[in-house]
Amino acid sequence: MMGRDSILLPVSPAFIAFSLAAAFLLNLLPWGSWGWVPDFVALILVFWSIYQPRKLGIGIAFLMGLVMDVHGAALLGQNALAYTLLSYFAITMHRRVLWFRPPVQALYVLPLLVLMQIVQVIVQLAVSGKLPDWTYFAQSVVAAALWPLVCWILLAPQRRTIDRDDTRPI
């Protein structure tokens with residue numbers, strides 16, 4: 001695990017795009033009947049909104065939401081609205097969250113993911129009048145449990161090897 005005193009290299013925009021594309025491909029897998037499988041696009045959006053808020057903004061979250069709306073044949077804008085709010089609140093609290101290690105960060109991410117699902121439920125209720133059962137929110141719990149692993153994987157390319165040099169001030 002990364003120590004508190006290690007310095008991260010700058011993240012490549014290509015790596016951010018790759019991680020979002022990989023998350024989208026994970027969402028494409030045919031496990032829609034399993035209620036506990038998290039929304040990987042939302043998880044990656046939260047991660048980059050917290051760790052790189054200037055490189056991934058609300059506009060990218062909106063576009064990814066539209067892509068997920070088209071993929072899921074949902075009401076156009078349902079996921080876009082949810083992802084936009086998710087990204088906005090993650091960017092708003094990113095400085096506070098970064099003070100903690102990933103297992104504690106998961107406690108901050110969980111309410112964000114639940115809020116995103118509540119927005120989706122409200123839109124579904126307004127359009128179709130259907131409410132999902134309580135297991136629908138298991139996705140958020142599983143995603144929060146995966147948060148430390150996601151942090152470890154996505155921060156791996158940015159970790160700098162520790163090379164001690166007594167002549168350098170940093």
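This text gives an overview of the structure that appears in the document. This is a predicted model, so every value here is computed, not measured.

Parameters at a glance
- Residues numbered from 1 in each chain as written.
- Predicted model: local features only at pLDDT ≥ 70, side-chain atom pairs only at ≥ 80, totals over all residues.
- Heavy atoms only, no water.
- Helix = DSSP H or I, 4+ residues; strand = E, 2+ residues; numbered from the N terminus.
- Buried < 20%, exposed > 50% of the residue type's maximum accessible area, 1.4 Å probe, protein only.
- Contact = heavy atoms within 4.5 Å.
- Areas by Shrake-Rupley, 256 points an atom, 1.4 Å probe, with all protein chains shown as cover.
- 1 Å grid on protein atoms, 1.4 Å probe; cavity = no way out; pocket = protein on both sides within 12 Å on 5 of 7 lines; lining within 4 Å.
- Points joined across faces, edges and corners; volume = space filled by probe spheres on them.
- Nonpolar A, V, L, I, M, F, W, Y, C, P; charged D, E, K, R; others polar.
- Core = buried A, V, L, I, M, F, W, Y, C linked by side-chain atoms within 4.5 Å.
- Phe/Tyr/Trp six-rings, centres within 6.5 Å; stacked < 30°, edge-to-face > 60°.
- Patch = residues over 30% accessible without salt bridge, like charges linked within 9 Å, V, L, I, M, F, W, Y side chains within 5 Å.
- Salt bridge = Lys/Arg side-chain N within 4 Å of Asp/Glu carboxyl O.
- Lys, Arg positive; Asp, Glu negative; His and termini not counted.
- Polar contact = N/O pair within 3.5 Å; in protein donor to acceptor, adjacent residues only side chain to side chain.

Within the protein chain, the secondary structure is distributed over seven helices and zero strands. For the protein chain, the residues scored as buried account for 38% of the 170 residues in total. For the protein chain, contacts bridging at least 24 residues in sequence account for 70% of all contacts bridging at least 6. As presented, the protein chain carries roughly 10,000 Å² of accessible surface, and 70% of it is formed by carbon and sulfur atoms.

A full pass over the atoms with the stated rule returns one cavity of 30 Å³ or more. Of the volumes computed, that of the largest cavity is approximately 50 Å³. Taken together, D39, A42, L43, L113, M116, Q117, Q139, S140 and A143 make up the lining of the largest cavity. Counting only elements with at least two residues in the lining of the largest cavity, the list comes to helix 2 (40-51), helix 6 (102-128) and helix 7 (138-155). Here the residues of the lining of the largest cavity are counted per class, giving five nonpolar, three polar and one charged.

Counting 40 residues, the largest nonpolar core has F47, W48, Y83 and W147 as its most contacted members. At the level of secondary structure, the elements contributing two or more residues to this core comprise helix 1 (13-28), helix 2, helix 3 (58-72), helix 4 (78-92), helix 6 and helix 7. In terms of residue count, helix 2 provides more of this core than any other element does, 11 residues in total. With sequence-adjacent residues up to four places away left out, F47 is seen in contact with Q52, W147, V150, C151, L154 and L155.

A few words now on the packing of aromatic side chains. Under the defined criterion, the tally for this structure stands at seven aromatic pairs. Seen in terms of ring centroids, F100 and Y108 are 5.4 Å apart; in terms of plane orientation they differ by 20°. Their pairing is stacked. For Y108, a relative accessible area of 26% puts it in the partly exposed group. Put simply, the rings of F15, F47, W48, Y51 and W147 touch in pairs and so form one group of aromatic residues.

So, on to a nonpolar patch on the surface. Taken together, I58, Y88, F89 and L115 make up a surface patch of nonpolar side chains, about 320 Å² in accessible area. By relative accessible area, I58 is classed as partly exposed at 32%.

A word on the side chain of D39. Among the structural elements, D39 can be located in the loop between helix 1 and helix 2. Of the side chains with opposite charge, K130 lies nearest to the buried D39, which makes no salt bridge, at 19 Å. There is a polar contact of 2.7 Å between the side chain of D39 and the side chain of N27. In terms of polar contacts, D39 uses its side chain to reach the backbone amide nitrogen of V41, at 3.3 Å.

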